[in-house]
Amino acid sequence: MRVETVPDPVLKEPTDAIVRITTTGLCGSDLHLYEVLTPFMTPGDILGHEPMGIVEETGPEVTQIKPGDRVVVPFQIACGHCWMCRSGLPTQCETTQVAEHGMGAELFGYTKLYGAVAGGQAEYLRVPQAQYGPIKVPEGVHDDRFVYLSDVLPTAWQAVEYAEVPRGGTLAVLGLGPIGLMACRVAKVQGLADRVIGVDLVPERLRRARADGVEVHDLNDFSRQEDLVEAVLSTTGGRGPDAVIDAVGTEAHGSPLGRTAQRATGLLPREWAAKLTEKAGVDRLAALRLAIALVRRGGTISLSGVYGGMADPLPLLTMFDKQIQLRMGQANVRRWADDIFPLLTDDDPLGVDGFATHRVPLEEAPRAYEMFQHKEDGAIKVLMRP
């Protein structure tokens, strides 16, 4: 990771806009580019998919925003008019699908698998499909109030929606990083779950969730997964939570086999490594396996953590026997934005104003990545400003 001077972006299509970035987030998904998806990266790729800023220029087919407007840019690039977009699935946009790799909609700053579109950890960003994507936000309020509409808020919101917690039920959230912590807050604001249980091993994350009224379990207190499962089951009448959100994904600790397979790609030429990862990638599945063990029979697992493997061994016998419902996928930002926007008020029920733990200049991005990756200095959410 390094900071370089590159040519300013320019309009290429009549549906483009140029946005001057004022705040951009560092996401846990960016860390996947360090490891699992590294073979798909190309030197010079510009990262970042959580930006907001001021519109500088628009193409002739962009009419809902204009120069001077303040906007948040969703992390996916979608047209808004295809069948998938009209069905509430802009992450599967048929206009921007990366057919070459059999993937869904293009994403900002996220490898050639998703179109190799220059990302938002930059001073300026070219926004394709700007006739639909950017979300106009009001002036006069700090960026922290709205920047999370780009990813964190809709991802957490979708995770809770997909969990389908019954009224009065119990929700467990695995991983209390930005998405997991915000999912806990969303669940409490929605008021469906009577209990929210959080699991993590980072002290700062556990303290933050506990302060939000979440019942927390520290993984460091358990020598075996079975002991943690028993502890949670004992507080749910032996049945287990009605729903479990896996907000960890492939960063899960454990699975030496998965870690070894991932690192082995680093010994291969880039093209070979990409092919191997695409066909035989293996994730660290500790979090998903824990979710399967925890959730009650007939319950729901909602995956918001990113997985990148193509040969992941799953306990399908257990999943089938327990009649588990499984929902997953990249968050459909525009699908949920209208539901979230009314909560970004002065009352700040989701606590967005104080959500970031670190704010650094864009020039310090390499150090910010290192700090976030190693969970140093209590880093939970980092915002960068050009």
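Structure first, text after, so check above.
Computed from a predicted structure; not experimentally measured.

1. What about the overall build of the protein?
Here comes step 1: When its secondary structure is counted, the protein shows twelve helices and 13 strands.
Here comes step 2: Of all 386 residues assigned to the protein, the portion counted as buried reaches 54%.
Here comes step 3: Across the protein, every contact between residues at least 6 apart in sequence was considered, and the portion connecting residues at least 24 apart equals 75%.
Here comes step 4: Of the roughly 16800 Å² that the protein leaves accessible, carbon and sulfur atoms contribute 52%.

2. Section: empty space enclosed by the protein
Here comes step 1: Inspection of every chain in the model, using the stated rule, returns two cavities of 30 Å³ or more.
Here comes step 2: Its boundaries defined by the atoms lining it, the largest cavity holds a volume of some 40 Å³.
Here comes step 3: Taken together, Thr155, Gln158, Ala159, Tyr162, Ser302, Leu303, Ser304, Gly329, Gln330 and Ala331 form the lining of the largest cavity.
Here comes step 4: At the level of elements, α3 (152-163) and β10 (300-303) are the ones that each hand at least two residues to the lining of the largest cavity.
Here comes step 5: Classifying every residue of the lining of the largest cavity by side-chain character gives four nonpolar, six polar and no charged.
Here comes step 6: In this structure, the second largest cavity occupies an estimated 40 Å³ of space.
Here comes step 7: Together, Val73, Pro74, Gln76, Ile77, Ala78, Phe108, Val127, Pro128, Gln129, Gly133 and Pro134 line the second largest cavity.

3. A closer look at the side chain of Ser304
Here comes step 1: Turning to its location among the elements, Ser304 is positioned in the loop between β10 and α10 (316-321).
Here comes step 2: Here Ser304 falls in the buried class, since its relative accessible area comes to 17%.

4. Some points on the layout of surface pockets
Here comes step 1: Counted as a void, the second largest pocket has a volume near 1100 Å³.
Here comes step 2: Along the wall of the second largest pocket there are 36 residues; nearest its centre are Arg2, Gly44, Asp45, Ile46 and Leu47.
Here comes step 3: The dominant element in the lining of the second largest pocket, judged by the number of residues it contributes, is strand β4 (residues 124-127), at three residues.
Here comes step 4: Classifying every residue of the lining of the second largest pocket gives 20 nonpolar, six polar and ten charged.

5. Let's talk about helix α4 (residues 178-190)
Here comes step 1: In this model α4 runs 18 Å from its N-terminal to its C-terminal C-alpha over 13 residues, within 8% of the 18 Å that 1.5 Å per residue would give.
Here comes step 2: Most of α4 sits inside the fold, with ten of its 13 residues counted as buried.
Here comes step 3: Here α4 has its buried residues at Pro178, Ile179, Gly180, Leu181, Met182, Ala183, Cys184, Arg185, Val186 and Ala187.
Here comes step 4: Its buried side turned inward, α4 meets α3, β6 (169-174), β7 (193-200), α5 (203-211) and β9 (243-246).
Here comes step 5: Positive backbone phi, at 80°, marks Gly191, one or two positions downstream of α4.

6. What about the packing of α3 against helix α11 (residues 333-340)?
Here comes step 1: At a closest axis distance of 9 Å, the pairing of α3 and α11 adopts a crossing angle of 90°. Compared by their axis directions, α3 and α11 come out roughly perpendicular. On the side of α3, the interface is formed by Leu153, Pro154, Trp157, Gln158, Glu161 and Tyr162, while α11 contributes Val333, Trp336, Asp339 and Ile340.
Here comes step 2: Of the residues belonging to the contact of α3 with α11, the class tally is seven nonpolar, one polar and two charged.

7. Describing the sheet that holds β10
Here comes step 1: Overall, parallel pairing links the six strands, which are arranged β8-β7-β6-β9-β10-β11 in an open sheet. The two strands at the open ends of the sheet, each matched to only one other strand, are β8 (215-218) and β11 (325-328). Strand-to-strand twist in this sheet, taken as the mean axis angle between neighbours without regard to direction, amounts to 20°.
Here comes step 2: As paired strands, β9 and β10 are joined by four bridges and run parallel to one another. Within the sheet, the bridge partner assigned to Ile245 lies in β10 and is Ser302.
Here comes step 3: Packing against the sheet, α5 makes contact with β7 and β8, and its axis sits at approximately 165° to β8.

8. Let's talk about the pairing of β7
Here comes step 1: In terms of burial, β7 is a largely internal element, six of the eight residues being buried.
Here comes step 2: Sheet topology places β6 next to β7; six bridges connect them, and they run parallel. Bridging across to β7, Ala172 finds its partner in Ile197.
Here comes step 3: Each parallel crossover has a hand, and the one from β6 via α4 to β7 is right-handed.
Here comes step 4: As defined by bridge partners, β7 adjoins β8 across four bridges and the pair is classed as parallel. Paired with Asp200 across the two strands is Asp218, which belongs to β8.

About the cut-offs
Residues numbered from 1 in each chain as written. Predicted model: local features only at pLDDT ≥ 70, side-chain atom pairs only at ≥ 80, totals over all residues. Heavy atoms only, no water. Helix = DSSP H or I, 4+ residues; strand = E, 2+ residues; numbered from the N terminus. Buried < 20%, exposed > 50% of the residue type's maximum accessible area, 1.4 Å probe, protein only. Contact = heavy atoms within 4.5 Å. Areas by Shrake-Rupley, 256 points an atom, 1.4 Å probe, with all protein chains shown as cover. 1 Å grid on protein atoms, 1.4 Å probe; cavity = no way out; pocket = protein on both sides within 12 Å on 5 of 7 lines; lining within 4 Å. Points joined across faces, edges and corners; volume = space filled by probe spheres on them. Nonpolar A, V, L, I, M, F, W, Y, C, P; charged D, E, K, R; others polar. Expected span 1.5 Å × (residues − 1). Axes fitted to C-alpha atoms, helices over the stretch in contact; angles between N-to-C directions. Parallel < 35°, antiparallel > 145°, perpendicular 65-115°, else oblique. Pairing = 2+ DSSP bridges. Right-handed = clockwise from strand over helix to strand, strands pointing away.

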